[in-house]
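Each chain, written out:
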Amino acid sequence: MINAIFNYTFMQNALIAAVLASIVTGIIGTIAIEKKLISMSGGIAHASFGGIGLGYWLGFEPIWGGLLFAVGASALISNISQNKKIKADTLTGILWSFGMALGILFIALTPGYMPDMTSYLFGDILSISKSSIVFMAVFTAIILLLFVMLYNYWIIYLFDEDYAKARKINVGIIRALVYLMIPVGIIVLIRIVGIILTIALMSIPTSIAKLFFKSFGKVVVSSVFISMFFCISGLLISYYVNIPSGVCIILFSTVVYLVLSFARSAMQKRLHNRKMHHMNNCENELAHRK
Amino acid sequence: MTENNVKFNDVRYCYGEVCAIHNADFEIKRGSLTIFVGPNGGGKSTLIKLLSGFLKPDKGSVDVENNGAIGYVAQGFGFDDSFPITVKEIVLTGTLDKKILPFKKYSKEQHKKAEEAIEKVGLKGFEKRGVSQLSGGQLKRVVIARALASDAEILVLDEPDSNLDIEAVKDLYQLLKDLKDSKTIIVASHNIDFILDISDTAVYINKTARFFENPQELKEKLKEGMII
């Protein structure tokens, strides 16, 4: 594996992409989980397929089409969620299927052989090109900069938006950034795990980090490293067993998450039982003394 | 607004065709503890929301000192208690500037303010505890500490005693009594037995607002069933 990293450009690209995607996952995943926007993120990811199809049909780089559709879907959901008459959840469901249907339509309209869409649907970290790395690096840098720049305001907005409003903090700006950063982040992740698996990569590292850390900063930073561990492990498994990388990353991370959450709840139960047992013993001893 | 830092000027607010509150016209003195009491659906929460700036009056105005910035403590907590945040981090957010300043780090002074506020509400030693590791009463104290750490002169609490046991309610009101010299405190509550004894003024809210300079007068009237 080490030799492969030094000898093959595609392995070097894959590693850089894994690091960039992990930074995005740590930030966007935490924001989406804490603002309960994971379903919306799924809708945005699937809506982007329409733009990818449009790119194939009109002959421009499909990922730019995906970005356009993702940002458009996010803006639409953001506006609708402020209008009580239509539920954002309903619109998310509609855009989810509409984007996929549009993508298939555009691809069907594309002249010549039908392109292979597997890498967009399930991701392919091993086929990432230099230009894709540049694309990912630019957007990851933007997300990281915005996050660091407004770090304390992210905390107040994500934790207690009503309090921030009562303090007259302009939450509109932060809200707009959330609905811009999530689609951009999703497009970065699509090259790694694909449209269908993106929300799992957004949710799992943060969910694991929350099992162990109680501070916001620690959750974000550890999510980045957990995601890096999953992406690189998935890459290794994919390299040796020849299974699509996105599938390896998600299957491996889901198993780890399930094992850790089960182990943690079992441990907490054991600690609770031990505490109860100790308290009963103390009470019995007191009764005996009386 | 020198002596008074909150003024309701003939305020009316309606949800569609149903008016929740009308003719609300009173002033609240600086450094006082005022209680909003009244039946369910009488308009207490609407008045609190108007005061906090979440709602805009259909008629009249609500004047709040310091550009309307208040320390607001919501009825529920308004946040998810699984959020990864410590007591100190929550209280520090109270010291944040209203104006969004990029790359803003908390200064030593802001840390000191937060630590003082934590000590004031009796949670010294809890700074590194996660929000999920606190009881309901402790959480109320944390959000009060956050409001104390802010530059807001006015502290508004909507039903702060909901979901608390009697001991926690007594502790909470004792804390509010201790704090009333440093802030103007406004509390919406059903718990008239405890709070009317420690408050300076009271407002009875039932579609309209009636101001009582002496809370004991309201207590007597409520006991005698003279106002419903």
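Since this is a predicted model, take the numbers as computed values, not measurements.

## Description of the state of the cysteines
Reasoning step 1: Evaluation of the coordinates by the stated rule reveals 1 disulfide over all chains.
Reasoning step 2: Through a disulfide, cysteine 14 of chain B is tied to cysteine 19 of chain B; the S-S separation comes to 1.9 Å. With the S-S dihedral at roughly 60°, the linkage between cysteine 14 of chain B and cysteine 19 of chain B falls on the right-handed side.
Reasoning step 3: On the basis of relative accessible area, cysteine 14 of chain B is assigned to the buried category, the value being 14%.
Reasoning step 4: The closest cysteine sulfur to the non-disulfide-bonded cysteine 231 of chain A is located on cysteine 248 of chain A, 12 Å from its own sulfur.
Reasoning step 5: Owing to a relative accessible area of 0%, cysteine 231 of chain A belongs among the buried residues under this scheme.

## Considerations on the packing of helix H2 (residues 9-34) of chain A against helix H7 (residues 130-149) of chain A
Residues and elements named next belong to chain A.
Reasoning step 1: Two elements in contact, H2 and H7, have axes separated by 10 Å at closest approach and are oriented at 25°. Looking at the two axes, H2 sits roughly parallel to H7. For H2 against H7, the interelement crossing comes out left-handed. Contacts from Thr9, Asn13, Ile16, Ala17, Leu20, Ala21, Ile23, Val24, Ile27, Ile28 and Ile31 of H2 reach H7 at Lys130, Ile133, Met136, Ala137, Thr140, Ile143, Leu144 and Phe147.
Reasoning step 2: The residue makeup of the contact of H2 with H7, split by class, is 15 nonpolar, 3 polar and 1 charged.

## Details of the nonpolar core
Reasoning step 1: Counting residues in each nonpolar core, the largest one holds 133 residues, and the members touching the most others are Trp154, Met181, Ile182 and Ile192 of chain A together with Val91 and Ile144 of chain B.
Reasoning step 2: Ranked by residues supplied to this core, first place goes to helix H10 (residues 171-212) of chain A with 22 residues.
Reasoning step 3: Lining this core are residues from two domains, each supplying at least three of them: domain 1 (1-68 + 153-167 + 183-228) and domain 2 (81-151) of chain B.
Reasoning step 4: Among residues more than four places away in sequence, those in contact with tryptophan 154 of chain A are Ile31, Leu146, Phe147, Ile174, Leu177, Val178 and Met181 of chain A.
Reasoning step 5: Membership of the second largest hydrophobic core comes to 27 residues, among which are Tyr72, Ile186, Ala188 and Ile205 of chain B.

## Quick notes on the side chain of serine 223 of chain A
All names here are of chain A.
Reasoning step 1: If you trace the backbone, serine 223 turns up in helix H11 (residues 216-241).
Reasoning step 2: Engagement of the side chain of serine 223 in a polar contact is seen with the backbone oxygen of valine 219, the distance being 2.6 Å.
Reasoning step 3: Apart from residues no more than four positions distant in its own chain, serine 223 is found in contact with Gly26, Thr30, Pro205, Thr206 and Ala209.

## So, the side chain of lysine 44 of chain B
Residues and elements named next belong to chain B.
Reasoning step 1: Relative to the assigned elements, lysine 44 resides in helix H1 (residues 44-52).
Reasoning step 2: With no salt bridge to any partner, buried lysine 44 finds its closest opposite charge in glutamate 159, at an N-O distance of 4.1 Å.
Reasoning step 3: From its side chain, lysine 44 meets the backbone oxygen of glycine 38 in a polar contact 2.8 Å long.
Reasoning step 4: Those residues in contact with lysine 44 that sit more than four places away from it in its chain are Phe36, Val37, Gly38, Pro39, Glu159, Ala188, Ser189, His190 and Ile205.

## Considerations on the packing of aromatic side chains
Reasoning step 1: With the rule as written, the count across this model stands at 22 aromatic pairs over all chains.
Reasoning step 2: Plain terms: the ring middles of phenylalanine 147 of chain A and tyrosine 151 of chain A are 5.9 Å apart, the flat faces sit at 85° to each other, and that makes the pair edge-to-face.
Reasoning step 3: We classify phenylalanine 147 of chain A as buried; its relative accessible area is 5%.
Reasoning step 4: With a centroid separation of 5.1 Å and 75° between ring planes, the pair formed by phenylalanine 54 of chain B and tyrosine 72 of chain B is classed as edge-to-face. With phenylalanine 54 of chain B in the loop between H1 and strand S4 (59-64) and tyrosine 72 of chain B in strand S5 (residues 71-73), this pair connects stretches of sequence that are 18 residues apart.
Reasoning step 5: One aromatic cluster is present, formed by Phe147, Tyr151, Trp154, Phe159 and Phe216 of chain A together with Phe79 and Phe83 of chain B through successive ring pairs.
Reasoning step 6: Sitting above the plane of the tyrosine 157 of chain A ring, lysine 35 of chain A keeps its charged end 4.3 Å from the centroid.
Reasoning step 7: The residue whose ring lies beneath arginine 146 of chain B is tyrosine 163 of chain A, and the NZ or CZ to ring-centre distance is 3.6 Å.

## Notes on a nonpolar patch on the surface
Residue and element names in this part refer to chain A.
Reasoning step 1: Residues Trp57, Leu58, Phe60, Trp64, Leu105 and Leu109 make up a contiguous nonpolar surface patch of about 590 Å² in total accessible area.
Reasoning step 2: Where the nonpolar patch is concerned, the elements lending two or more residues are helix H3 (38-58) and helix H5 (88-109).
Reasoning step 3: Take phenylalanine 60: it is sitting in the loop between H3 and helix H4 (62-81).

## Overview of the packing of H3 of chain A against H10 of chain A
Residues and elements named next belong to chain A.
Reasoning step 1: Two elements in contact, H3 and H10, have axes separated by 9 Å at closest approach and are oriented at 85°. In terms of orientation, H3 and H10 fall into the roughly perpendicular class. Facing H3, whose interface residues are Ile38, Met40, Ser41, Gly42, Ile44, Ala45, His46, Ser48, Phe49 and Ile52, H10 presents Tyr179, Ile182, Pro183, Ile186, Ile187, Ile190, Ile195, Ile196, Ile199, Met202 and Ser203.
Reasoning step 2: Of the residues in the contact of H3 with H10, the class split is 16 nonpolar, 5 polar and no charged.

Cut-offs used in this document
Residues numbered from 1 in each chain as written. Chains lettered and ligands numbered in written order. Predicted model: local features only at pLDDT ≥ 70, side-chain atom pairs only at ≥ 80, totals over all residues. Heavy atoms only, no water. Disulfide = S-S within 2.5 Å. Buried < 20%, exposed > 50% of the residue type's maximum accessible area, 1.4 Å probe, protein only. Axes fitted to C-alpha atoms, helices over the stretch in contact; angles between N-to-C directions. Helix = DSSP H or I, 4+ residues; strand = E, 2+ residues; numbered from the N terminus. Parallel < 35°, antiparallel > 145°, perpendicular 65-115°, else oblique. Left-handed = near helix turned anticlockwise from the far one by under 90°. Contact = heavy atoms within 4.5 Å. Nonpolar A, V, L, I, M, F, W, Y, C, P; charged D, E, K, R; others polar. Core = buried A, V, L, I, M, F, W, Y, C linked by side-chain atoms within 4.5 Å. Domains from an automatic or database assignment. Polar contact = N/O pair within 3.5 Å; in protein donor to acceptor, adjacent residues only side chain to side chain. Lys, Arg positive; Asp, Glu negative; His and termini not counted. Salt bridge = Lys/Arg side-chain N within 4 Å of Asp/Glu carboxyl O. Phe/Tyr/Trp six-rings, centres within 6.5 Å; stacked < 30°, edge-to-face > 60°. Lys NZ or Arg CZ within 6 Å of the ring centre and 35° of its normal. Patch = residues over 30% accessible without salt bridge, like charges linked within 9 Å, V, L, I, M, F, W, Y side chains within 5 Å. Areas by Shrake-Rupley, 256 points an atom, 1.4 Å probe, with all protein chains shown as cover.

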